[in-house]
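# Residue-level structure breakdown
Here's the letter readout for the chains.
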Amino acid sequence: MKIYIFADLEGISGVSSSAFVTADGAKYGLGCKFITRDVNICAKACLEAGADEVIVRDGHGAGNSILWENLIPGIRLVQGHTPGERFSGIEEADAVILLGYHAMAGTPRALMEHTFSSKSIQNMWVNGELAGEFAIDTIIAGEHGLPVIMTSGCDKLCQEARAFSPDVVTCQVKISTGQQGAIMLSPDASEKLLREKTFEAIAAFKEGRIKPMTLEKEAVLRIEYMERCEPALGLVAPRTVELTGPTLEEAFFRRF
Ligand SMILES: [Zn+2]
């Protein structure tokens, strides 16, 4: 059994504002340390629960936040650009964990809520339903035949995840107090919770209780930008494009 962890930074334990997640942020060095810590805790639990290997996608920004030299044995790390692929190396894996995720753009009082770009994207819809990164990545993983078995982040992310995928195991490591603030668990409590939830997710996966999610028909991805766009592929309104594809992953990469 191989587990694929896609790690974002906003929902990682100990991260409470943009200062931790932007490359020039005053606390970015700590953000890198904290994402490496949560990845190690989750991966260690996966290995203890029977995984032979854990593949970790460093998924925040340009994909270079995880401190490679500090990873525990048994992790294969994917960093940097992977054009046309959201989950590079996923074909070898059996299940996916979305670690350190955040709520979709526009979620009230949610820590660093956004959908792929806080600077340029207002909203995204998949086949008519508002969708954040959790839903989009859950569908893309499903298109590869894999279930998303667990996610971690703030209370609003966990609520969004359960609304979209009722069987997913959610690990709430903080409560958002606003776009730039959170009430956080202590380091030891977040470690304990991440371990417990990882074991719970792998047990549920082994029992076949979490199924891959896919779309029933072709994918239509609608993106509303904050500013008017240049006339481009799929422009349906001055600020909105619609991209279609046989899979959501293909529709997604028509734009990115
Ligand atoms: Zn991110």
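These numbers were taken from a predicted model, which means no experiment stands behind them.

The rules behind each value
Residues numbered from 1 in each chain as written. Predicted model: local features only at pLDDT ≥ 70, side-chain atom pairs only at ≥ 80, totals over all residues. Helix = DSSP H or I, 4+ residues; strand = E, 2+ residues; numbered from the N terminus. Rg over C-alpha atoms; globule rule 2.2 N^0.38 Å. Buried ≥ 20, exposed ≤ 12 C-beta atoms within 10 Å, placed from the backbone. Contact = placed C-beta atoms within 7 Å. Axes fitted to C-alpha atoms, helices over the stretch in contact; angles between N-to-C directions. Parallel < 35°, antiparallel > 145°, perpendicular 65-115°, else oblique. Left-handed = near helix turned anticlockwise from the far one by under 90°. Nonpolar A, V, L, I, M, F, W, Y, C, P; charged D, E, K, R; others polar. Core = buried A, V, L, I, M, F, W, Y, C linked by C-beta atoms within 7 Å. Pairing = 2+ DSSP bridges.

### Details of the overall build of the protein chain
Across its full length, the protein chain holds five helices and 12 strands. Radius of gyration (C-alpha) of the protein chain: 17 Å, near the 18 Å computed for a compact globule of 256 residues. By its C-alpha atoms, the protein chain is 50 × 40 × 30 Å across when sized along the principal axes. Put simply, the protein chain has 256 residues, and 45% of those count as buried. A sequence separation of at least 24 residues applies to 62% of the contacts in the protein chain between residues at least 6 apart.

### Description of the packing of helix α1 (residues 28-48) against helix α4 (residues 187-206)
One way to put it is that α1 packs onto α4 with a least axis distance of 9 Å and a crossing angle of 40°. As summarised for this structure, α1 and α4 are arranged oblique, according to the angle between their axes. The element α1 and its partner α4 pack so that their crossing is right-handed. Contact residues: α1 offers Asp38, Ile41, Cys42, Ala45 and Cys46, while α4 offers Glu191, Leu194, Arg195, Thr198, Phe199 and Ile202. Across the contact of α1 with α4, the residue classes tally to seven nonpolar, one polar and three charged.

### As for the environment of Glu224
Note on placement: Glu224 falls in strand β10 (residues 219-225). Glu224 gets classed as partly exposed once you count the C-beta atoms within 10 Å, which come to 17. Non-local contacts of Glu224, meaning those with residues more than four positions away in its chain, are made with Gln122, Asn123, Arg239 and Thr240.

### Digging into the nonpolar core
Among the nonpolar cores identified, the biggest contains 71 residues, and Ile5, Cys42, Val96, Ile97 and Ile149 are the most heavily contacted of them. Setting aside its immediate chain neighbours within four residues, Ile5 contacts Val39, Cys42, Ala43, Val54, Val56, Ile97 and Leu99.

### A closer look at the sheet that holds strand β7 (residues 148-154)
Strand order in this open sheet of seven strands is β3-β2-β1-β4-β7-β8-β9, and the pairing throughout is mixed. Every interior strand has two partners, whereas the edge strands, β3 (75-78) and β9 (181-184), have only one. With direction set aside, neighbouring strand axes in the sheet form an average angle of 25°. Direction of pairing for strand β1 (residues 2-7) relative to strand β4 (residues 95-99): parallel, over a ladder of five bridges. Bridge pairing in β4 places Tyr4 opposite Val96. Of the strands in this sheet, β1, β4 and β7 touch helix α2 (residues 133-143), which is tilted by about 165° from β7. Of the strands in this sheet, β7 and β8 (169-178) touch helix α3 (residues 155-164), which is tilted by about 135° from β8.

### Considering the pairing of strand β5 (residues 121-126)
Strand direction decides the pairing type here: β5 and β10, joined by five bridges, are antiparallel. By the bridge assignment, Asn123 is partnered in β10 with Glu224. Relative to strand β6 (residues 129-130), β5 runs antiparallel, the two being bridged by two bridges. If you follow Trp125 over to β6, its bridge partner there is Leu130.

### What to know about the packing of α2 against α3
Relative to each other, α2 and α3 sit at 40°, their axes nearing to 9 Å. Here α3 runs oblique to α2, going by the angle between their axes. In this structure, the crossing between α2 and α3 has a hand that is right-handed. Of α3, the residues touching α2 (which contributes Phe134, Ala135 and Thr138) are Leu157, Glu160, Ala161 and Phe164. Here the residues of the contact of α2 with α3 sort into five nonpolar, one polar and one charged.

### Structural notes on the pairing of β4
Of all five residues in β4, five are buried; the element is thus mostly enclosed. Of the two faces of β4, the one lined by Ala95, Ile97 and Leu99 and the one lined by Val96 and Leu98 are each fully buried. Of the pairings in the sheet, the one linking β4 to β7 comprises three bridges and is parallel in character. Within β7, the residue paired with Leu98 across the bridge is Thr151.

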